[in-house]
Amino acid sequence: LFIEDIDGFPCRHKYLNRIKERLSPDTLLKYAILANSVALAKYAIEREANLTKETFVSSAIHSSKITLIHIKEKLDYIEEAMEAAFKHKNYGSIRHLARKTKHLEKYIGLCNEEQKYQMIKKDLIKIFVKRNADNIDG
């Protein structure tokens, strides 16, 4: 991971704690998402990093676990994140976001169009059936 926001600071593991303190929380969150580091993301959030549409979409592309953090914070932009996860084939993020999206049928249809999405299609159908069963029971 190349961090360009720390002018002249040596990027070695032994300096990691000082690097973390020097970066702004938002920059730290950006790099945590790219590095798929949940611990670093939680640290950035503790330091009051802003969870935004951009961080949600980026996490949907790069890190399903950080996507879950955004979902737990009840951030909007589920559809934008789902589009990004689907486009970049982040199956973990797709599975998490499928439970929240209102347009699950759309993504099942997209799976039908592309052979490479058959793996996720089964999961989407399971979520769709469960959701419909819950609606009938509830």
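Rules and cut-offs
Residues numbered from 1 in each chain as written. Predicted model: local features only at pLDDT ≥ 70, side-chain atom pairs only at ≥ 80, totals over all residues. Heavy atoms only, no water. Helix = DSSP H or I, 4+ residues; strand = E, 2+ residues; numbered from the N terminus. Buried < 20%, exposed > 50% of the residue type's maximum accessible area, 1.4 Å probe, protein only. Contact = heavy atoms within 4.5 Å. Areas by Shrake-Rupley, 256 points an atom, 1.4 Å probe, with all protein chains shown as cover. Axes fitted to C-alpha atoms, helices over the stretch in contact; angles between N-to-C directions. Parallel < 35°, antiparallel > 145°, perpendicular 65-115°, else oblique. Left-handed = near helix turned anticlockwise from the far one by under 90°. Nonpolar A, V, L, I, M, F, W, Y, C, P; charged D, E, K, R; others polar. Salt bridge = Lys/Arg side-chain N within 4 Å of Asp/Glu carboxyl O. pLDDT = per-residue confidence, 0-100. Core = buried A, V, L, I, M, F, W, Y, C linked by side-chain atoms within 4.5 Å. 1 Å grid on protein atoms, 1.4 Å probe; cavity = no way out; pocket = protein on both sides within 12 Å on 5 of 7 lines; lining within 4 Å. Points joined across faces, edges and corners; volume = space filled by probe spheres on them.

Colleague: For the overall build of the chain, give the residues involved together with the corresponding values.
Modeller: Helix and strand counts for the chain come out as nine helices and zero strands. For the chain, the N- to C-terminal ordering of α and β elements is α-α-α-α-α-α-α-α-α. Residues classed as buried in the chain amount to 39% of the 138 residues present. In the chain, of all internal contacts separated by at least 6 residues, the share reaching a separation of at least 24 is 49%. Split by element, the accessible area of the chain, about 8700 Å² in all, is 50% carbon and sulfur.

Colleague: So what about unusual backbone geometry? Which residues, and what values?
Modeller: With phi around 75°, Glu 48 is a residue other than glycine that occupies positive phi space. Mapped onto the elements of the fold, Glu 48 is located in the loop between α3 (38-46) and α4 (53-62). For Glu 48, a relative accessible area of 66% puts it in the exposed group.

Colleague: Go over the packing of helix α6 (residues 78-87) against helix α7 (residues 91-98), please, and point to the residues and values.
Modeller: Contact geometry of α6 with α7 gives a least axis separation of 8 Å together with a crossing angle of 150°. When the axis of α6 is compared with that of α7, the two are roughly antiparallel. As for how α6 packs across α7, the hand of that crossing is left-handed. Contacts between α6 and α7 involve Ile 78, Ala 81, Met 82, Ala 85 and Phe 86 from the first element and Ser 93, Ile 94, Leu 97 and Ala 98 from the second. A breakdown of the residues in the contact of α6 with α7 according to their chemical character gives eight nonpolar, one polar and no charged.

Colleague: How would you sum up the pattern of salt bridges? Please name residues and give values.
Modeller: Overall, the coordinates contain two salt bridges when judged by the stated rule. Measuring nitrogen to oxygen at the nearest pair gives 2.3 Å for the salt bridge that ties Lys 106 to Glu 83. Of this pair, Lys 106 sits in helix α8 (residues 104-113) while Glu 83 sits in helix α6, and the two are 23 residues apart along the sequence. Judged by its relative accessible area of 41%, Lys 106 is partly exposed. Across the salt bridge formed by Arg 95 and Asp 123, the nearest N and O atoms sit 2.4 Å from each other. Taken together, the residues Arg 95 in helix α7 and Asp 123 in helix α9 (residues 118-137) connect sequence positions 28 residues apart. Note on Asp 123: relative accessible area 18%, which makes it buried.

Colleague: Give a detailed account of the confidence of the model for the chain, specifying residues and quantitative values.
Modeller: Overall, the prediction assigns the chain a mean pLDDT of 82, with 84% of residues at 70 or greater. Considering each helix and strand of the chain separately, the mean pLDDT is smallest for helix α1 (residues 16-22), with a value of 73, and largest for α4, with 95.

Colleague: An account of the nonpolar core is needed here, citing residue identities and associated values.
Modeller: By size, the foremost hydrophobic cluster in this structure holds 34 residues, and its most contacted members are Ile 94, Leu 97 and Leu 124. In terms of residue count, the dominant contributor to this core is α6 (five residues). Discounting chain neighbours no more than four positions away, the residues touching Ile 94 are Met 82, Ala 85, Phe 86, Ile 120 and Leu 124.

Colleague: Describe the layout of surface pockets, naming the residues involved and giving the relevant values.
Modeller: Looking at the second largest pocket, its volume works out to about 160 Å³. Taken together, Ile 71, Lys 74, Leu 75, Asp 76, Tyr 77, Ile 78, Glu 79, Lys 100 and Lys 102 form the lining of the second largest pocket. Per-class residue counts for the lining of the second largest pocket are four nonpolar, no polar and five charged.

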